[in-house]
Amino acid sequence: MATAGELYVVRHGQSANRGGNRVGAGSPDPGLSVKGVEQAAGMAASLSAALKAADGPVKVVCSPMKRCLLTARPLLDAMDLHAAHVTVHGGLYEYKACSGEYEGTTSEEIIAATAVAHTPVHFAAGTGRWLYCGKGGAKETDPQVIVRISGVAAWLRGVLASAAPARVVVVAHQTVGDLLLHILVAGTPARWEYGAPRFKMGNAGVLRFSYSSDGAVRPAA
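Rules of the game
Residues numbered from 1 in each chain as written. Predicted model: local features only at pLDDT ≥ 70, side-chain atom pairs only at ≥ 80, totals over all residues. Heavy atoms only, no water. Phe/Tyr/Trp six-rings, centres within 6.5 Å; stacked < 30°, edge-to-face > 60°. Helix = DSSP H or I, 4+ residues; strand = E, 2+ residues; numbered from the N terminus. Buried < 20%, exposed > 50% of the residue type's maximum accessible area, 1.4 Å probe, protein only. Expected span 1.5 Å × (residues − 1). Bend = angle between axes of the 7 residues up to and from the residue. Axes fitted to C-alpha atoms, helices over the stretch in contact; angles between N-to-C directions. Parallel < 35°, antiparallel > 145°, perpendicular 65-115°, else oblique. Left-handed = near helix turned anticlockwise from the far one by under 90°. Contact = heavy atoms within 4.5 Å. Nonpolar A, V, L, I, M, F, W, Y, C, P; charged D, E, K, R; others polar. Arc of directions from axis to C-beta. Polar contact = N/O pair within 3.5 Å; in protein donor to acceptor, adjacent residues only side chain to side chain. Salt bridge = Lys/Arg side-chain N within 4 Å of Asp/Glu carboxyl O.

**A short note on the packing of aromatic side chains**
Right, so step 1: As enumerated under the stated definition, the model contains five aromatic pairs in all.
Right, so step 2: Ring geometry for Tyr93 against Trp130: centres 5.3 Å apart, planes inclined by 20°, an arrangement best described as stacked. A residue pair is termed long-range when its members are at least 10 positions apart, and Tyr93 in the loop between strand S3 (86-89) and helix H3 (107-114) and Trp130 in the loop between strand S4 (119-121) and helix H4 (142-163) qualify at 37 residues.
Right, so step 3: Its relative accessible area of 2% is what places Trp130 among the buried residues.
Right, so step 4: Measuring from ring centre to ring centre gives 4.2 Å for Tyr95 and Tyr194, while their planes differ by 10°; the resulting arrangement is stacked. Linking Tyr95 in the loop between S3 and H3 with Tyr194 in the loop between helix H5 (174-186) and strand S6 (206-212), this pair joins segments that are 99 residues apart in sequence.
Right, so step 5: The rings of Tyr93, Tyr102 and Trp130 are connected pair by pair, giving a single aromatic cluster.

Spelled out as structure tokens, the structure:
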């Protein structure tokens, strides 16, 4: 299969819940620590240089969580990308981050909190908040997380197939990013296990893949 484009998967910078200045209980949707802001700026500088060095449009897909959006923002600024090129997927939030206790944010709340202009997709019908796949307000089970991220993967394959020869950047989290890549690269979540990532990323780390026009993904040469 001929290569049609490149896929970059980025993990968010250090969470404000893990920064040294946190006081009291952590937020269910934290932003970035001071270190995380620095990490995001460094990632944006290096990744934007690589993206600008090649031809073709750039599309960004982001988790609805603040730490991912704030990690993406300096890259969006560096690339001068606006809402038509930036999609926030309501199902791409981190492992068990959404429940009846915390239903997430709407697109309008995301813009107000992060100043990231975007096109929202697959937010919950009715509430407009994150796409919860659990039952009765409880946190999702692992099989329910797999169902949610499998839906993201199916949607993303369609984006890749229609976007070729674009460069697509996904800004997400370690756990669900690893699960997403199990599905995209291996074709199945069967060997995914929480806490034992195959596709490891440090804070603001970047993994690079190539994809073909049918949406198939493989590690870049």
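Alright, that's what it looks like, and here's the rest.
**Comments concerning helix H2 (residues 66-79)**
Right, so step 1: The end-to-end C-alpha distance of H2 is 20 Å, a good match for the 20 Å that 14 residues give at a rise of 1.5 Å each.
Right, so step 2: The sharpest bend along H2 reaches about 30° and sits at Arg73, with the proline Pro74 one to four residues further on.
Right, so step 3: Of the residues making up H2, those classed as buried are Arg67, Cys68, Leu69, Thr71, Ala72, Leu75, Leu76 and Met79.
Right, so step 4: In the segment just after H2, Asp80 is the residue with positive phi, at about 55°.

**Thoughts on the packing of helix H1 (residues 34-52) against H2**
Right, so step 1: Contact geometry for H1 and H2: axes closest at 8 Å, N-to-C directions at 40°. Comparing their axes, H2 and H1 come out oblique. Considering how the two elements wind past one another, H1 and H2 form a crossing that is right-handed. From H1, Ala40, Ala41, Met43, Ala44, Leu47, Ser48, Leu51 and Lys52 reach across to H2, where they touch Leu70, Thr71, Pro74, Leu75, Ala78 and Met79.
Right, so step 2: When its residues are assigned to classes, the contact of H1 with H2 shows eleven nonpolar, two polar and one charged.

**Some words on the packing of H2 against H3**
Right, so step 1: Axis separation between H2 and H3 bottoms out at 11 Å; the angle between their running directions is 55°. One element, H2, and the other, H3, form an angle in the oblique class. The way H2 lies across H3 gives a crossing that is right-handed. The residues of H3 that touch H2, namely those facing Lys66, Leu69, Leu70 and Arg73, are Ile110, Ala113 and Thr114.

**Quick word on H3**
Right, so step 1: Ser107, Ile110 and Thr114 are the residues of H3 that are buried. For H3, the angular spread of buried residues about the axis comes to 55°, placing them on one side. Of the exposed residues in H3, those oriented more than 90 degrees away from the buried face are Glu108 and Ala112.
Right, so step 2: Tucked inside the fold, the buried residues of H3 contact H2, S3 and S4.

**As for the environment of Arg208**
Right, so step 1: The residue Arg208 is located in strand S6 in this model.
Right, so step 2: Along the sequence, Arg208 and Val9 sit 199 residues apart, while their C-alpha atoms lie 6.5 Å from each other.
Right, so step 3: Residues in contact with Arg208, not counting those within four places in the same chain, are Glu6, Leu7, Tyr8, Pro219, Ala220 and Ala221.
Right, so step 4: A polar contact is formed between the side chain of Arg208 and the side chain of Glu6, at a distance of 2.6 Å.

**A closer look at the pattern of salt bridges**
Right, so step 1: Taken as a whole, this structure holds three salt bridges when the rule is applied.
Right, so step 2: Between Glu140 and Arg148 there is a salt bridge, and its shortest N-O distance comes to 3.0 Å.
Right, so step 3: Of the residues examined, Arg148 reaches a relative accessible area of 3% and is grouped as buried.

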